[in-house]
Amino acid sequence: GALLALSKPPGLPILGRPGDLSLEALLPALRRRLGLAAELHVVKAPAREYSGLVLLSSCYHTTKKLQQFFTSARCRDQYPATYRAITVGVPAEVEGEISTGLCWQQQGDRAMVRGCWWAGGHGGTPGSAEGCALQVVPVRAPGRRSLARKDVKSTLTRYRVLSAAGGCALLQLQPRTAFPEQLQVHLTLLLCPALGDHKNSSRVGRVLGVPFFLSLETAPTRTQVHGQGGMGGTSAQPSVIPLSCPLTLQVLDEELLSRLRLSPRQLHHLPLHIHLQELVLP
């Protein structure tokens, strides 16, 4: 069957409820516009908050075969998907691997949760925990029992710094495993959260300019924006935050905000800068 590749903007979910805007809801109109007789199926696509490559097929059997290939490739320790990410901060090492256990945990509760509905990508793509009252947290040294019960999953992402400037970096990311928010959480473990990651970036704190990792319990839960005095600086009048913005917003200094041409009040419009760039096909 025919294969079709297109680029998805951030914020567009793959699946959705009837009447909601989603990639799946747009497929019939796309098929008619392209003059295809058969229905289009999603082979692989990035999670809702990611941008990037979407692979479609007009053949059901081809779709299943390719999805099985992507799953088996990870089992063979291969890296079939390559992402690009812009990070706030530059990793200490030019390249390496991020390896940790990941699990679901309710905020304010240390109990782990085995399963949860998640608004993820399609075809084994690392996705998001949006729609859950849960948080994805790292487990540095998971025990055998928690791994066997699947309370915790071992995850690994390979990274390489492609360029760096102005305290930010462009990274290549190749996940060998798939877990909701894997890439975002792994980048926080590098102390370099993705630009636009309003949910997880609060886990990276700074003291005298030195970054360090914060646990879920100690991470800030409300918007902070650096004033002219830097971290801990005060301003005469606090910024007004729109009611529609996320519970937390990423902390960016004034110099970076200026380069992005954003004001603190516009920060909630900043999307997550993780992009699915390349897929390896059999």
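Because the structure is a prediction, the values reported are computed rather than measured.

*Asks:* Would you mind showing me how to read the pairing of strand β2 (residues 41-44) here?
*Replies:* A regular strand carries its side chains on alternate faces of the sheet. Sheet topology note: the β2/strand β3 (residues 51-57) ladder contains 3 bridges and is antiparallel. Pairing of valine 42 across the sheet is with leucine 56, part of β3. In textbook terms, the turn of a hairpin is the stretch between consecutive antiparallel strands, and for β2 and β3 this stretch comprises 6 residues.

*Asks:* It is not clear to me how the environment of threonine 157 should be interpreted in this structure. Could you clarify?
*Replies:* Residue position: threonine 157 is located in strand β8 (residues 153-165). Once the C-alpha coordinates of threonine 157 and glutamine 182 are considered, the two residues, 25 residues apart in sequence, prove to be 8.3 Å apart. Of note is the side chain of threonine 157, whose polar atom sits 2.7 Å from the side chain of histidine 186.

*Asks:* I would appreciate a short explanation of a nonpolar patch on the surface in the present structure.
*Replies:* On the surface, Val207, Leu208 and Phe212 cluster together into a nonpolar patch covering about 340 Å² of accessible area. Here valine 207 lies in strand β10 (residues 204-207).

*Asks:* Would you explain the packing of aromatic side chains in this entry?
*Replies:* Here the distance between the centres and the angle between the planes together describe a pair of aromatic rings. Counting across every chain of the model gives 3 aromatic pairs. Considering the side-chain rings of tyrosine 50 and tyrosine 83, the 5.8 Å spacing of their centres and the 75 degrees angle between planes classify their relative orientation as edge-to-face. Note that tyrosine 50 is positioned in the loop between β2 and β3 and tyrosine 83 in strand β4 (residues 81-88), a separation of 33 residues in sequence. Of the two residues examined, tyrosine 50 and tyrosine 83, each falls in the buried class. For the pair tryptophan 104 and phenylalanine 179, a centre-to-centre distance of 6.0 Å together with 40 degrees between the ring planes defines the contact as tilted. Of this pair, tryptophan 104 sits in strand β5 (residues 95-105) while phenylalanine 179 sits in the loop between β9 (168-175) and α4 (182-189), and the two are 75 residues apart along the sequence. Residue class for phenylalanine 179 comes out buried when judged on its relative accessible area of 9%. Across from the ring centre of phenylalanine 70, 5.3 Å away, lies the NZ or CZ of lysine 44, which sits over that ring. Arginine 140 extends its terminal NZ or CZ atom over the ring of phenylalanine 213, reaching a point 5.8 Å from the ring centre.

*Asks:* Help me understand the pattern of salt bridges in this model?
*Replies:* If charged atoms from side chains of opposite charge come close, those side chains can pair. What the rule picks out here adds up to 4 salt bridges. A salt bridge links aspartate 151 to arginine 149; its shortest N-O distance comes to 2.8 Å. The exposure class assigned to aspartate 151 is buried, which follows from its relative accessible area of 10%. You can call arginine 149 partly exposed: its relative accessible area is 42%. Two residues, lysine 199 and glutamate 181, come together in a salt bridge whose shortest N-O distance is 3.0 Å. Of this pair, lysine 199 sits in the loop between α4 and β10 while glutamate 181 is found in the loop between β9 and α4, placing the two residues 18 residues apart along the sequence. By relative accessible area, which is 3% here, glutamate 181 ends up buried.

Thresholds, definitions, all that
- Residues numbered from 1 in each chain as written.
- Predicted model: local features only at pLDDT ≥ 70, side-chain atom pairs only at ≥ 80, totals over all residues.
- Heavy atoms only, no water.
- Pairing = 2+ DSSP bridges.
- Helix = DSSP H or I, 4+ residues; strand = E, 2+ residues; numbered from the N terminus.
- Polar contact = N/O pair within 3.5 Å; in protein donor to acceptor, adjacent residues only side chain to side chain.
- Patch = residues over 30% accessible without salt bridge, like charges linked within 9 Å, V, L, I, M, F, W, Y side chains within 5 Å.
- Areas by Shrake-Rupley, 256 points an atom, 1.4 Å probe, with all protein chains shown as cover.
- Salt bridge = Lys/Arg side-chain N within 4 Å of Asp/Glu carboxyl O.
- Phe/Tyr/Trp six-rings, centres within 6.5 Å; stacked < 30°, edge-to-face > 60°.
- Buried < 20%, exposed > 50% of the residue type's maximum accessible area, 1.4 Å probe, protein only.
- Lys NZ or Arg CZ within 6 Å of the ring centre and 35° of its normal.

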